[in-house]
Amino acid sequence: MMPSCSLSAAAPPKLRLSTERLLLRELEESDWPVIHAYASLPEARRYMLAGQGTRDRTRSFVLSSMAAAQANPRIFYAFGIVLRAENRLVGTIVLRAGNADRGAQVGWDVNRAYWNRGIATEAARSVLAFAFADLGVRAVHADSFARNFASIRVMEKLGMQRLTRGWFASMRLAERYGEWRPMIRYVVRPQRHTANVAQAPY
Ligand SMILES: CC(C)(COP(=O)(O)OP(=O)(O)OC[C@H]1O[C@@H](n2cnc3c(N)ncnc32)[C@H](O)[C@@H]1OP(=O)(O)O)[C@@H](O)C(=O)NCCC(=O)NCCS
């Protein structure tokens, strides 16, 4: 089943993306304690950027995402990933799409209790479809620590291709984030995304 996107009638419009198992909806203030409960665990923080995963950072992430949803033009989209069968928020996925020509960036996290069920991949496919079809971006990239094999596997399942080659390039990318561990960038363009969805819908 292809992801679908709809705008509710209420103002300001709230974005909702649907997939087979998931509802991606805009974040609400009451979400931050739920996110903090899983994002603060050591396993989850292992591959987060320095400073992420604290109570204050998670709260401010949710509040600033809500503010960004009001911006015009809008460049930042943060969705709560809701597992519909349980009506539970199990992760978040963000898209920064400042300039259609320059491309967009995507990032994700999922509650440890729900890892390896294809949730990040399913959510990301939907967000990529939104970025390409609704926002008209030409490419979407994702950055990850080079040893975050679960995240890298998600990128591969999305049909993304590795851009960063070699240790120096990985360290230069890490430096942009103020990090010392090597990082790598993957990218996908619309044609490859479409072919990937056709091959492996979910
Ligand atoms: C990265 C993350 C979002 C993936 O979420 P998820 O819902 O488990 O992802 P999916 O189930 O769609 O895919 C995970 C894939 O990684 C694989 N994987 C998991 N751990 C792995 C490891 N150590 N080595 C290799 N592959 C691994 C899984 O087997 C699965 O692949 P498969 O479907 O081919 O079996 C989740 O691990 C997470 O929240 N991590 C902490 C936060 C984080 O790192 N965010 C990303 C920052 S770039």
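It should be emphasised that the depicted structure is a prediction, and the values quoted were computed from it without experimental measurement. Every chain is numbered on its own, with residues counted from 1 as its sequence reads. Where local features are concerned, this predicted model is filtered to residues with pLDDT of at least 70; where side-chain atom pairs are given and counted, the filter is 80 or more; whole-chain, interface and lining totals use all residues.

Colleague: It is not clear to me how the site of the ligand should be interpreted in this structure. Could you clarify?
Modeller: In this analysis, residues qualify as near a molecule or strand once their C-beta atom, positioned from backbone atoms, comes within 6 Å of it. Surrounding the ligand, one finds 20 residues, the nearest of these being Ala120, Thr121, Phe149, Ala150 and Arg153. For the shell around the ligand, the leading source of residues is helix α5 (residues 149–157), giving 5 residues. Amino acids outside the nonpolar list (Ala, Val, Leu, Ile, Met, Phe, Trp, Tyr, Cys, Pro) and the charged list (Asp, Glu, Lys, Arg) are all regarded as polar, and Gly is one of them. Split by residue class, the shell around the ligand holds 10 nonpolar, 7 polar and 3 charged. Every helix listed is a DSSP run of H or I at least four residues long, and every strand listed is a run of E at least two residues long, numbered separately from the N terminus.

Colleague: Help me out: how do you make sense of helix α1 (residues 32–39) in this one?
Modeller: Note: α-helices contain 3.6 residues per turn, so residues at a spacing of three or four share the same orientation. Think of it as a crowd count around each C-beta: if 20 or more other C-beta atoms lie within 10 Å the residue is buried, if 12 or fewer it is exposed, and in between it is partly exposed, with C-beta placed from the backbone throughout. Residues of α1 that are buried include every one of Trp32, Ile35, Tyr38 and Ala39, and no others. Relative to the axis of α1, the buried residues are bounded by an arc of 135° and lie together on one face. Among the exposed residues of α1, those pointing more than 90 degrees away from its buried face are Pro33 and Ala37. Our contact criterion uses C-beta atoms placed from the backbone: two residues qualify when those atoms are within 7 Å. Where α1 is buried, its residues meet α2 (42–45), α3 (55–68), β5 (88–99) and β6 (103–110). Throughout, the arc means that of the directions going from the helix axis to the C-beta atoms.

Colleague: Would you take a moment to explain the packing of α1 against α3 for this structure?
Modeller: What describes two packed helices is the angle between their axes and the distance between those same axes. Axis definition: a line fit to C-alpha positions, over the contact stretch in the case of helices; interaxial angles, taken between N-to-C directions, run 0 to 180 degrees. Between α1 and α3, whose axes approach to 9 Å, the crossing angle comes to 140°. As far as their axial angle goes, α3 and α1 are oblique. Here α1 runs over α3; the crossing is right-handed. On α3, the residues that touch Trp32, Ile35, His36 and Ala39 of α1 are Arg55, Thr58, Arg59 and Val62. The residue inventory of the contact of α1 with α3, partitioned by class, reads 4 nonpolar, 2 polar and 2 charged. The cut-offs work like this: below 35 degrees is roughly parallel, past 145 is roughly antiparallel, 65 to 115 is roughly perpendicular, and the gaps in between are oblique. In this scheme the handedness of a crossing depends on how the near helix is turned from the far one: anticlockwise by less than a right angle means left-handed, clockwise means right-handed.

Colleague: What should I look at first to understand α3 in this one?
Modeller: In this model, α3 (14 residues) spans 20 Å end to end at C-alpha, consistent with the 20 Å of a helix rising 1.5 Å per residue. Taken as a whole, α3 has its buried residues at Thr58, Phe61, Val62 and Ser65. Seen along its axis, α3 keeps its buried residues to an arc of 90°; they face one direction. For α3, the exposed residues set more than 90 degrees away from the buried face come down to Arg55, Asp56, Ser60 and Ala67. Contacts made by the buried residues of α3 are with α1 and β4 (76–83). A helix is expected to span 1.5 Å multiplied by its residue count minus one.

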